Amino acid sequence: AHPIHVGAVDLGASSGRVMVGTIADGRIELTETRRFANGPIPLPGPGGERLYWDVLHLWDEIRQGLLAAVRDVGPLSAVGIDTWGVDYGLLGPSGLLSGQVSAYRCPRTRGVPEEVFAAIPAPEMYSVNGLQVQDFNTLFQLVAESRDGGLPRATPADGGVVSAAGAGSAQRTMLLLPDLFTYWLTGRPVAEITNASTTGLVDARERAWSAPLLERLHTELGVDLDGVLPEVVEAGTVVGPVRRDVVDVFDPDGRPTPVVAVGSHDTASAVAAVPAAGSDFAYISCGTWSLVGLELDAPVLTEASRAANFTNELGVDGTVRYLKNVMGLWVFNEAVRTWREQGLELSYRELDAAAEAADPLRTVVDINDPVFFNPGDMAARIDDFAIRTGQPRPRSVGEYVRCIDDSLALAYRRAMREASELSGKRVGVLHMVGGGISNRLLCQLAADATGLKVVAGPAEGTALGNIVVAARGAGLIEGDLTALRKLVRNSSDITEYAPDPAAAAGWDAAERQLFG
Ligand code: LFR
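In this text the structure is predicted, and so the values were computed from the model without any measurement. Position numbers for residues start from 1 in each chain and track the written sequence from start to end. Whole-chain, interface and lining totals are the exception, using all residues; otherwise, since this is a predicted model, local features are given only for residues with pLDDT of at least 70 and side-chain atom pairs are given and counted only at 80 or more.

### Re the sheet that holds strand β20 (residues 429-433)
Next up, step 1: Taking strand neighbours across the sheet as the criterion, the seven strands line up as β18-β19-β17-β16-β20-β21-β22 in an open arrangement whose pairing is mixed. Edge strands, defined here as strands with exactly one partner in the open sheet, are β18 (311-314) and β22 (495-497). In this sheet, neighbouring strand axes are inclined to one another by 30° on average, regardless of whether the strands run parallel or antiparallel.
Next up, step 2: Only strands joined by at least two bridges in the DSSP assignment are considered to pair. Secondary structure is summarised from DSSP: a helix means a run of H or I of at least four residues, a strand means a run of E of at least two, and numbering begins at the N terminus for each. Pairing of strand β16 (residues 281-286) with β20, which is carried by five bridges, proceeds in the parallel orientation. Bridging from a neighbouring strand, Tyr283 pairs with His431 of β20. Under this scheme, a helix contributes an axis fitted over its contacting stretch, all axes are lines through C-alpha atoms, and angles between N-to-C directions fall in the 0 to 180 degree range.

This is how it looks when you write it as structure tokens:
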């Protein structure tokens, strides 16, 4: 049989890439055809700084990457796109992008959740959408957007007439970023469910927009989303052929390549690629964020789950991703960025070696503390945290990195235990996927802190999860999630880490000291 080439566009908050997965002889070989930097761009705004994505640049990189794929590797039999969650573009009545695309760390949503919950109580909301509360959830962004005038606001008092020009929000279409790029490629607007589930507007049980929630948003907050949200599709749906006048990408028969709505939330693609054989696994998707959790058949919508801020995001093939956002390597990346600005040029390898040599658990912070959310000097914030909690400040770059790694592992330990308790699911093994697994110390610490065997790999989990779902959606391969995972496993470098039983007491003590 001829090898099958599948294009995967995978955009992260700090970098993007276009990959080709070549499927042959029961395994997938990856070729990267383009890699580029990404990051939020600050602009001055009313009351402070705003953060935006340069989507036109991203779009151009996607086009170049896909053209390079066909040119350098071969015709593509399918294409899938995934990005981080929650962010979106709005189309105007003619289908053109209207306005800029805000980045999820933009402070415009500060205070918005509180305002929303004053009108729609948080427990009521969680019982429907099962979503963790983060300022950046699309729902909160839309409230901020309508306040800024980007989404015309309908007040109940004026009967839904929203502006002098009469351009109501009904004339906007909201497309999450992967759906926006898919729209530009195919001309068809859809909302792929895994990413739609990060908006806060989806009924987690029904896997559809929640009509009652939309109604409440309209009547209580004047945010009218009637007609704004596109048709929901499950992951694996062929959205349509690529428009060759837009990007000349074609399959081996010379026909335009089908674009498949894959698990378009990057975390959904990463979880689809967890190379688990059984079902008693937990996972950590390690990138800018660490997403820590379990795969379930049904959402957990209990009050205890809400109080612990666990999320029920939706996965491929009817699954639920029951997980917690842990601040992740963002803190490390920002620390390194600051050190480089200060003239300190150290490679990741040197930094990891220095962390490995440092004393364990000397300084530990609550890595999920909001002080670590915004861009900036992380070492200074660690110092503040240490002083505030009566701990010694790190004395060297190695000690700072060790503090970040130890603190991440401690957060993994807590999230893992909570996920298991709240869902009632027993966990036997911990899979780690994503670029962060190149940090071997972090993998070992995750094993030690959780007491679980860690199976690390693949590093390119998101791209592989994208590729297998795209390939199956286009009818190129068959099989359930277990079969797809086997294909991923056959294609990946996997490293196992055994927990060190002697380490357990130290983690108990660190947790007690920090969290009581
Ligand atoms: C990871 C991720 C997380 C989401 C955050 C913001 O890249 O998609 O799952 O909570 O980014 O979208």
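From this point, the discussion proceeds with the structure in view.
### Here's the deal with the UniProt feature "domain: Carbohydrate kinase FGGY C-terminal" (unreviewed entry) in the protein
Next up, step 1: Here, UniProt's "domain: Carbohydrate kinase FGGY C-terminal" (unreviewed entry) annotation points to residues 282-473.
Next up, step 2: Taken end to end, residues 282-473 is 46% helix and 17% strand, and its first and last C-alpha atoms sit 26 Å apart. UniProt positions are given in the numbering used here, feature names are shortened, and annotations may be inferred rather than shown by experiment.

### Observations regarding the environment of Phe281
Next up, step 1: Inspection of the secondary structure puts Phe281 in strand β16.
Next up, step 2: Judged by local crowding, Phe281 falls into the partly exposed class, with 19 C-beta atoms found within 10 Å.
Next up, step 3: Measuring from C-alpha to C-alpha, the distance between Phe281 and Thr462 comes to 18 Å, with 181 residues separating the pair along the chain.
Next up, step 4: Leaving out residues up to four positions away in the same chain, Phe281 has contacts with Val274, Ala276, Val427, Gly428, Val429 and His431. Once C-beta atoms are placed from the backbone, each residue is buried if 20 or more other C-beta atoms lie within 10 Å of its own, exposed if 12 or fewer, and partly exposed for counts between those two. In this description, any two residues whose backbone-derived C-beta atoms lie within 7 Å of each other are considered to be in contact.

### Side note on the site of the ligand
Next up, step 1: The environment of the ligand is made up of 13 residues, and the closest members are Trp84, Gly85, Val86, Thr267 and Trp289.
Next up, step 2: In terms of residue class, the shell around the ligand is built from five nonpolar, seven polar and one charged. Near, for a residue, is defined by distance from a backbone-placed C-beta atom to a molecule or strand, with 6 Å as the limit that must not be exceeded. All amino acids are sorted into three groups, where Ala, Val, Leu, Ile, Met, Phe, Trp, Tyr, Cys and Pro are nonpolar, Asp, Glu, Lys and Arg are charged, and the leftover types, Gly among them, are polar.

### Focus on the nonpolar core
Next up, step 1: Only buried residues count toward a nonpolar core: Ala, Val, Leu, Ile, Met, Phe, Trp, Tyr and Cys, linked into one set through C-beta atoms within 7 Å. Among the nonpolar cores identified, the biggest contains 154 residues, and Val6, Tyr412, Met432, Ala446, Val454, Ala470 and Ala471 are the most heavily contacted of them.
Next up, step 2: Element by element, the count of residues in this core is highest for helix α13 (residues 397-423), at 12 residues.
Next up, step 3: Setting aside residues up to four positions removed in sequence, Val6 forms contacts with Val20, Gly21, Ile23, Leu76, Ser77, Ala78, Ile467, Ala470 and Ala471.

### What to know about the packing of helix α11 (residues 348-357) against α13
Next up, step 1: Look at α11 against α13: their axes get within 7 Å of each other, and the N-to-C directions meet at 80°. In terms of orientation, α11 lies roughly perpendicular with respect to α13. Along the contact surface, α11 presents Leu351, Ala354, Ala355 and Ala357, while α13 presents Val397, Gly398, Val401, Arg402 and Asp405.
Next up, step 2: Its residues assigned to classes, the contact of α11 with α13 shows six nonpolar, one polar and two charged. For classification purposes, an angle smaller than 35 degrees is called roughly parallel, one larger than 145 roughly antiparallel, one from 65 to 115 roughly perpendicular, and anything else oblique.

### Structural notes on unusual backbone geometry
Next up, step 1: Looking along the chain, the bond that leaves Gly457 and enters Pro458 is cis, with omega of 0°.
Next up, step 2: With a phi close to 55°, Arg207 is a non-glycine residue in the positive phi region.
Next up, step 3: Here Arg207 is to be found in the loop between β11 (202-203) and β12 (208-209).
Next up, step 4: For Arg207, a count of 17 C-beta atoms within 10 Å gives the class partly exposed.

### Quick word on the packing of helix α15 (residues 461-473) against helix α16 (residues 481-490)
Next up, step 1: Orientation of α15 relative to α16, taken along the N-to-C sense of each, is 130°, at an axis distance of 10 Å. Between α15 and α16, the angle falls in the class oblique. The two elements α15 and α16 cross, and the hand of that crossing is right-handed. Residues Leu464, Val468 and Arg472 of α15 lie in contact with α16, whose contacting residues are Leu484, Leu487 and Val488.
Next up, step 2: For the contact of α15 with α16, the per-class residue count stands at five nonpolar, no polar and one charged. Handedness of a helix crossing follows the sense of rotation of the near helix relative to the far helix, less than a right angle counterclockwise being left-handed and clockwise being right-handed.

### Some remarks on the sheet that holds strand β6 (residues 78-83)
Next up, step 1: Taken together, the six strands give an open sheet; going across it, the order is β3-β2-β1-β6-β15-β14, and neighbouring strands pair in mixed fashion. Two strands lie at the open edges of the sheet, namely β3 (27-37) and β14 (237-241), each paired on one side alone. Shown here is a sheet whose adjacent strand axes are inclined to one another by a mean of 25°, direction ignored.
Next up, step 2: Of the strand pairs in this sheet, strand β2 (residues 15-24) and β3 are connected by 10 bridges, and their pairing is antiparallel. Following the sheet pairing, Val20 is matched in β3 by Thr31.
Next up, step 3: Sheet contacts for helix α1 (residues 55-72): β1 (4-11), β2, β3 and β6; angle to β3, the most-contacted strand, approximately 140°.
Next up, step 4: Packed onto the sheet, helix α5 (residues 177-186) meets β1, β6, β14 and β15 (258-261) and runs at close to 150° relative to β6.

### A closer look at helix α3 (residues 122-129)
Next up, step 1: Every buried residue of α3 is accounted for by Met125, Tyr126, Val128 and Asn129. Buried residues of α3, seen end-on, are gathered within an arc of 165° and therefore sit on one face of the element. Away from its buried face, by an angle of more than 90 degrees, α3 presents the exposed residues Pro123 and Glu124.
Next up, step 2: Packing partners of the buried residues in α3 comprise β11, α7 (211-221) and α9 (303-307).
Next up, step 3: At the C-terminal side of α3, Gly130 shows a positive phi close to 60°. Directions from the helix axis toward the C-beta atoms define the arc.

### Some points on the confidence of the model for the protein
Next up, step 1: Per-residue confidence for the protein averages 95 on the pLDDT scale, and 96% of its residues sit at or above 70.
Next up, step 2: Low pLDDT (under 50) marks residues 155-167, which in the prediction has 13 contacts with non-local residues, meaning those over four places away or in another chain.
Next up, step 3: In the predicted assembly, ipTM is 0.97 and pTM is 0.96. The pLDDT value tells you how sure the predictor is about a given residue, anywhere from 0 up to 100.

### What to know about helix α14 (residues 440-450)
Side chains that are three or four residues apart share a direction in an α-helix, a result of its 3.6 residues per turn.
Next up, step 1: Extensive coverage of α14 is indicated by the burial of nine of its 11 residues.
Next up, step 2: Along α14, the residues that are buried comprise Leu442, Cys443, Gln444, Leu445, Ala446, Ala447, Asp448, Ala449 and Thr450.
Next up, step 3: At its buried positions, α14 is contacted by β16, α13, β20, β21 (453-456), β22 and α17 (504-515).
Next up, step 4: In the stretch just after α14, Gly451 is the one whose phi turns positive, near 70°.

### Thoughts on the environment of Leu214
Next up, step 1: Within the element layout of this structure, Leu214 appears in helix α7.
Next up, step 2: Overall, the presence of 18 C-beta atoms within 10 Å leaves Leu214 in the partly exposed class.
Next up, step 3: In this structure, Leu214 is in contact with Leu201, Trp209 and Leu225, ignoring residues within four places of it in sequence.

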